[in-house]
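Observations on the three-dimensional arrangement
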Amino acid sequence: MTEPTGLGMSKVARILMVEDDEDDYILTSDSLEQLDSYQFDIHWVTNPKVAVEKLSQEEFDICLLDFQLGAQSGLDVLRQAIKLGCMTPIIMLTGQDDDNLDKLAQDAGAVDYINKEDISTGRFARAIRYALARNEVASERLERLKAETQNRSKDRFLAHLSHELRTPLTSILGYTELLLQGEKAKESRSELNIILSNGKHLLSLLNDVLDLSKIAADKLELNPSEINLDSFIADVFYLLQINAQDKGLSLVITAPHALPERIRADSTRLRQILINLSYNAIKFTDHGQVAIKLWTEWVEQKELLFFEVADTGIGIPAERLASIFKPFEQVEDIVTRKEGGAGLGLAICTELARRMGGELSVESELGKGSRFRFAIEPGDISDVPRSELHFVKADTNQDNEQYDPLQGRVLVVDDAPDIRQLVQKICDGFGLQVVTAENGLQAVQMCNESLSLDTPFTLVLMDIHMPVLGGRQAIAQIREAGFTAPVIALTAAALKGVKRSLMDIGFSDVLHKPINKKALYQCMSMHLAAQESGEQIDEVEPHILLVEDDVDAAEVSKLLLESLGAKVTLAFTGAECLAVLQSSLPVCKILLDLHLPDTDGLSLAAQIRTISPELEIVVVSGAQIEASQLSALNISRSLLKPLNLSTLQSLID
């Protein structure tokens, strides 16, 4: 209501004066004009009914109400206004000096009671200033409450929107992936790929809009934890490598010096920044390479961890460099039409980098490429051991585990020298004799030679994507030549759920990159033991209880899991879930939706813990779940809808 009229000027206050005596009106108006801190816009009414109507409209900063309005008492006006919800401060004026009237006015809701004889005194001025100040405080509080209410409503709306959009996306993306896997829709593969691509794009936009909304409301929270840097970089590298290979680009990750083995940061948000920048680099580069560089550097007495993503792509015009970090901005309209995107990614990355202790910057030359750089605070790394990158996924729970020695002669086949060397060192540590080959053709020749010399390899570890001759072609030639020892596929392409198809063409098992030492040992020891005993290995199907109330989402998730070799039982309510757990069904994992018709997922998780304290629970939701809520229930992790093959593959590996 009150608002400043300019720097150094008094404020304007709207006053409703309810007074039936013109002389008293003039006297009161004159006294108000003597208050130099305010200018008053006075509205004078004499009729009690009109006064109530005016007060109900809440257009005034203060009301001066005469106690006696002809035959009617001002108390009646006061009580009616308060009953209608009037929040305007009301000061009762009277020509009588009566303590009982003062009490009646205060009880009825007046903020003060003043004798008209005091209108020209300091008491009147103080009462006016107090009432106006009180009104300003009340107005500010009301506005703050309105803003908080709007924010809460917005949060609830966004959470509901996220859930409602992600659930149908589960069906859209899931059934599309299943159709692309099968033989039923060969003639429609092109159209299905378009549906899948656009569905993923829609999901990406949804994630970006929700992130941007959290940033705007200052509700984007970071969850720092200890990160094994080598494992983290390995995950990012293998995820991006497939996209780079699809475009014929070289993806390179370098570090000019040894890096801390462990840092402390929010791994999800750091991955989001790095993948967004790298994916953009791949998207806008048609030939050459994308290079990711890491190093540490002291800045203002802090050792920061720097990341740089450089490409040989189209570059960015100098006049557009500043604007690309703003929401809904892209390099130019032609780029937007060609590559798509809402231009939210860089705006989000900029804010994430800032919240992680650094900033995002760019250098670019049109037609020659771009170089994005950002830094984060990695925690106290002064005493952390430092080493070169090895691209090995760490198993933090088994760092010191001792493995029983294995016996045998193993052939390791991989076109990447660093991966080849890594697997060789791991196998050496298992006590195995190791020979290496850099492509499928060499592997075929070496296997044939080992057969002719009657010294066949005990086991082969073979990459799928290699130059000269790939793993799929190599396994066919090796098996055709009579090689019967186990051949285990190593692949980064977990996205397609290819385990069954690889085993159908002759592979004995499949391991996904990045290499997990424990998983490699378990797989190799199982096949070596079976080979020695002559037993046939029966593939163990995981038993997963999927709890989801949306029938379409449940069915497609079940089909996706079954396509990856899992055995799945469905429950559509919390009661059905508990009934399954109390049956004889061997459940090793629960995939639990948080929105169920008879209970919420977190309450159900607490009940599950009383039945099966050690059972792995993975919650599924359309919105992010706070880490503290998951930790309290010993829940291993949460997944955002929609679920896809890549996400589900990680559950059963």
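Preceding this paragraph is the structure being described.
What comes next is a walk through the structure. Throughout, residues of each chain are indexed from 1 in the direction in which the sequence is written. Where totals are concerned, whole chains, interfaces and linings use all residues; where local detail is concerned, this predicted model gives features only for residues with pLDDT of at least 70, and gives and counts side-chain atom pairs only at 80 or more. Side-chain numbers come from the whole structure's heavy atoms, not from hydrogens or water.

Some words on helix H13 (residues 471–480)
- Taken residue by residue, H13 has Gly 471, Ala 474, Ile 475 and Ile 478 as its buried positions. For H13, the buried positions fall inside an angular range of 100 degrees around the axis, keeping them on one side.
- Helix numbers and strand numbers start at the N terminus; a helix is a DSSP run of H or I with at least 4 residues, a strand a run of E with at least 2. Gly 482 lies just past H13 and shows a positive phi near 100 degrees. Each residue is assigned to one of three classes by its accessible area relative to the maximum for its type, calculated with a 1.4 Å probe on protein chains only: buried under 20%, partly exposed between the two thresholds, exposed over 50%. Our arc is simply the arc of the directions from the helix axis toward the C-beta atoms.

Considerations on the side chain of Ser 370
- Structurally, the position occupied by Ser 370 is in strand S15 (residues 369–376).
- A relative accessible area of 8% means that Ser 370 is categorised as buried.
- In terms of polar contacts, Ser 370 uses its side chain to reach the side chain of Ser 364, at 2.8 Å.
- Any two residues whose heavy atoms approach within 4.5 Å are treated as being in contact. Here Ser 370 is in contact with Val 309, Ala 310, Asp 311, Gly 315, Ile 316, Glu 363 and Ser 364, once residues within four sequence places are set aside. A 3.5 Å cut-off defines polar contacts: any pair of N or O atoms within that distance qualifies, except that in protein one atom must be a possible hydrogen donor and the other a possible acceptor, and neighbouring residues in sequence count only when both atoms are side-chain atoms.

Describing the sheet that holds strand S17 (residues 409–413)
- Pairing between two strands requires that DSSP report at least two bridges joining them. In space, the 5 strands of this open sheet follow the order S18-S17-S19-S20-S21, with parallel pairing throughout. Whereas interior strands pair on both sides, the edge strands pair on one side only; in this sheet they are strand S18 (433–437) and strand S21 (509–512). Taking the axes of each pair of neighbouring strands and ignoring which way they run, one obtains an average angle of 20 degrees across the sheet.
- Relative to S18, S17 runs parallel, the two sharing 5 bridges. Across the sheet, the residue bridging to Leu 411 is Val 435, located in S18. Each axis is a line fitted through C-alpha atoms, taken for helices only over the stretch in contact, and angles between the N-to-C directions span 0 to 180 degrees.

Quick notes on the sheet that holds strand S7 (residues 112–115)
- Ordered by their spatial adjacency, 5 strands build an open sheet running S2-S1-S3-S6-S7, and the pairing between neighbours is parallel. Looking along the sheet, the strands with just one partner apiece sit at the ends: strand S2 (38–45) and S7. In this sheet, adjacent strand axes meet at a mean angle of 25 degrees when their direction is disregarded.
- The pairing of strand S6 (residues 90–94) with S7 spans 4 bridges and is classified as parallel. If you follow Leu 93 over to S7, its bridge partner there is Ile 114.
- Relative to S2, helix H1 (residues 22–33) is tilted by about 170 degrees, and along the sheet it contacts strand S1 (11–18), S2 and strand S3 (62–66).
- Of the strands in this sheet, S3 and S6 are in contact with helix H3 (residues 74–83), which crosses S6 at around 170 degrees.

Regarding the packing of aromatic side chains
- Stacked, edge-to-face and tilted labels apply to pairs of Phe, Tyr and Trp rings (six-membered ring for Trp) whose centres lie within 6.5 Å, assigned for plane angles under 30 degrees, over 60, and everything in between, in that order. Counted by the stated rule, this structure contains 6 aromatic pairs.
- Ring geometry for Tyr 25 and Trp 44: centres 4.0 Å apart, planes at 5 degrees, overall stacked. Placement of the pair is Tyr 25 in helix H1 and Trp 44 in strand S2, with a sequence separation of 19 residues.
- Centre to centre, the rings of Tyr 403 and Tyr 521 are 4.7 Å apart; their planes meet at 45 degrees, and the pair counts as tilted. Highlighted residues: Tyr 403 in the loop between strand S16 (386–387) and S17 and Tyr 521 in helix H15 (residues 517–533), separated in sequence by 118 residues. In this structure, Tyr 403 and Tyr 521 share a single accessibility class: buried.

A look at empty space enclosed by the protein
- Here the term cavity refers to a set of points on a 1 Å grid, laid over the protein atoms alone, in which a 1.4 Å probe fits but cannot get out; the term pocket refers to an open set having protein on both sides within 12 Å along at least five of seven lines, with lining residues being those that place an atom within 4 Å of a point. Grid points are joined across faces, edges and corners, and a volume is the space filled by probe spheres set on the points. Throughout the structure, instances matching the rule amount to 1 cavity of 30 Å³ or more.
- In this structure, the largest cavity occupies an estimated 60 Å³ of space.
- For the lining of the largest cavity, the elements supplying multiple residues, two or more each, are strand S22 (543–547), helix H16 (551–563) and strand S24 (589–593).
- Under the grouping applied here, Gly and all other residues not named as nonpolar or charged are polar, the nonpolar ones being Ala, Val, Leu, Ile, Met, Phe, Trp, Tyr, Cys and Pro and the charged ones Asp, Glu, Lys and Arg. Looking at the lining of the largest cavity residue by residue, the class counts come to 6 nonpolar, 2 polar and 3 charged.

Here's the deal with the nonpolar core
- Ranked by size, the top nonpolar core spans 71 residues in total, and within it Phe 374, Leu 461 and Met 524 carry the most contacts.
- Element by element, the count of residues in this core is highest for helix H7 (residues 229–246), at 9 residues.
- Each residue touching Met 524, except ones within four places of it in the same chain, is listed here: Leu 406, Val 410, Cys 427, Phe 430, Leu 432, Leu 459, Leu 461 and Ile 488.
- Each nonpolar core is a collection of buried residues, namely Ala, Val, Leu, Ile, Met, Phe, Trp, Tyr and Cys, held together in the definition by side-chain atoms within 4.5 Å. Judged by nonpolar contacts, the second largest core, of 24 residues, contains Leu 469, Met 503, Phe 507 and Val 510.

Purely spatial values, then, with no claim about function.
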